[in-house]
Amino acid sequence: MTEEEKKPQEIPQKRRRPYAGGALLIAITALIVILFTGGIAYAVQSLIGSAQEEVVEGVLVDGVREFRISASQWYFGPGSIKVNPGETVRFIVTSVDITHGFAINEMDVNLPLAPSGEIAREVVVPADIPEGTYTMYCSIFCGIGHPYMKGSIIIGDPGVGIGRILPYVATLVMAGMFAAFIVIGRRRAR
Ligand code: CUA
């Protein structure tokens, strides 16, 4: 008699626990899926980006850092250059096709390029400019790709940016969560 009364009481109590665990499992799985897809997307994006952007440091001519840059629909070649604060830089920019512009706001550069034209300009990189990555862009409308006609100019040594380490951090977090999952799963299975 006493044993039969106990049994129906124990069953509903046991059923509650797997339900709470299931909700947590779904929440953690969703979080992992978000982190995983986000991490993969970011890693692929940065891989493609770094493969395309070979940073060019120019040539030193009598103490002046010289860059020969071509402008065409709709990119600059090279698309990524590096200079140092305080140094004199000479840009020799040539348009391969139509009218373009070559502009770097932080260095007060804005050169108009005639079709198949060339322009040279010497500028001093401000000595007190914060080290980092800036944008060089086309400043004259040149067609449908004009808004995307951009390159990057690295000034100084910005070091390791958060964008470069984020995919690795995401991967580490994911690996940690999977490991925790396995440990918890094994403890519950006992
Ligand atoms: Cu090239 Cu606008």
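Refer to the preceding data block for the structure.
Residues numbered from 1 in each chain as written. Predicted model: local features only at pLDDT ≥ 70, side-chain atom pairs only at ≥ 80, totals over all residues. Heavy atoms only, no water.

## With respect to the overall build of the protein
In plain terms, the rule: We count a stretch as a helix when DSSP gives it H or I for four or more residues in a row; a strand needs E for two or more, and each element gets its number in order from the N terminus. Only protein chains enter the calculation, and the probe is 1.4 Å; a residue is then buried if its accessible area is under 20% of its type maximum, exposed if over 50%, and partly exposed in between. Here a residue-residue contact requires only that any non-hydrogen atoms of the pair lie within 4.5 Å. Using the Shrake-Rupley algorithm and a 1.4 Å probe, accessible areas are obtained, with residue cover drawn only from the displayed protein chains.
Per the secondary structure count, the protein includes two helices and ten strands. Counted from the first residue to the last, the protein has its helices and strands arranged as α-β-β-β-β-β-β-β-β-β-β-α. Sorting the 190 residues of the protein into buried and exposed places 28% on the buried side. Contacts spanning at least 24 positions in sequence make up 63% of the contacts within the protein whose residues lie at least 6 apart. Per element, the accessible surface of the protein, about 12,900 Å² overall, is 60% carbon and sulfur.

## Some details on the side chain of His100
Quick note on the threshold: Two N or O atoms form a polar contact when they lie within 3.5 Å of each other; inside protein one atom must be a possible hydrogen donor and the other a possible acceptor, and for residues adjacent in sequence the pair counts only when both atoms belong to side chains.
Mapping His100 onto the fold places it in strand E6 (residues 100-104). Here the side chain of His100 touches Asp97 through a polar contact of 2.7 Å, side chain to side chain. Discounting chain neighbours no more than four positions away, the residues touching His100 are Ala71, Ser72, Gln73, Ser95, Leu111, Pro112, Leu113, Cys138, Ile140, Cys142 and Met149.

## Comments concerning the pattern of salt bridges
Rules: Salt bridges are identified by distance alone: a Lys or Arg side-chain nitrogen within 4 Å of an Asp or Glu carboxyl oxygen.
Within this structure, the stated rule accounts for three salt bridges. Between Arg65 and Glu87 there is a salt bridge, with the nearest N and O atoms lying 2.6 Å from each other. Taken together, the positions of Arg65 in strand E2 (residues 64-72) and Glu87 in the loop between strand E4 (80-83) and strand E5 (88-95) put the pair 22 residues apart, joining distant regions of the chain. With respect to burial, Arg65 and Glu87 carry one shared label: buried. As a salt-bridge pair, Glu66 and Arg90 come within 2.6 Å of each other at their nearest N and O atoms. Of this pair, Glu66 sits in strand E2 while Arg90 sits in strand E5, and the two are 24 residues apart along the sequence. Take Glu66 and Arg90: they sit in the same class, and that class is buried. When salt bridges that share partners are traced, they join Glu66, Arg90 and Glu122 into one network.

## Focus on the packing of aromatic side chains
Heads up, the rule is: Each Phe, Tyr or Trp ring, with Trp reduced to its six-membered ring, pairs with another whose centre is within 6.5 Å; inter-plane angles below 30 degrees give stacked pairs, above 60 give edge-to-face pairs, and intermediate values give tilted ones.
Per the stated rule, a full pass over the model turns up three aromatic pairs. Grouping aromatic residues by their ring pairs yields a cluster made of Phe67, Phe76, Phe91 and Phe102.

## Considering the environment of Leu60
Within the secondary structure, Leu60 sits in strand E1 (residues 59-61). Expressed as a C-alpha distance, the spacing of Leu60 and Val89, which sit 29 residues apart in the sequence, is 9.0 Å.

## Thoughts on the nonpolar core
Soluble globular proteins: nonpolar side chains tend toward being buried together. Basically, it comes down to this: By nonpolar core is meant a set of buried Ala, Val, Leu, Ile, Met, Phe, Trp, Tyr and Cys residues that side-chain atoms within 4.5 Å join together.
Among the nonpolar cores identified, the biggest contains 25 residues, and Phe91, Phe102, Met107 and Ile153 are the most heavily contacted of them. Of all elements in the fold, only E2, E4, E5, E6, strand E7 (109-113), strand E9 (132-137) and strand E10 (150-155) reach the threshold of two or more residues within this core. Apart from the residues lying within four places of it in its own chain, the contact partners of Phe91 are Phe67, Ile69, Ile81, Phe102, Ile104, Met107, Val109, Ile119, Ala120, Arg121, Val123 and Ile153.

## A few points about the pairing of E6
The condition that has to hold: Strands are treated as partners if at least two bridges between them are detected by DSSP.
Taken across its five residues, E6 has five buried, putting it largely inside the fold. Of the two faces of E6, the one lined by His100, Phe102 and Ile104 and the one lined by Gly101 and Ala103 are each fully buried. When E6 meets E7, the two strands line up antiparallel, connected through five bridges. In the sheet register, Gly101 faces E7, and the bridge partner there is Pro112. Where E6 folds back on E7, the antiparallel hairpin that results is connected by four residues, among which Asp108 adopts a positive phi of roughly 55 degrees.

## Here's the deal with a nonpolar patch on the surface
What counts is decided by this rule: In this analysis, a patch consists of residues with relative accessible area above 30% that form no salt bridge, clustered at 9 Å for like charges and at 5 Å for the nonpolar side chains Val, Leu, Ile, Met, Phe, Trp and Tyr.
A cluster of nonpolar side chains, Ile165, Tyr168, Val169 and Val173, forms an exposed patch at the surface whose accessible area comes to about 370 Å². Mapped onto the elements, Ile165 comes out in helix H2 (residues 162-189).

## A look at the environment of Pro167
With respect to the helices and strands, Pro167 occurs in helix H2. C-alpha of Pro167 to C-alpha of Leu35: the two residues are 132 residues apart in sequence and 9.7 Å apart in space.

So, to be careful, I would describe these as geometric facts and stop short of saying anything about function.
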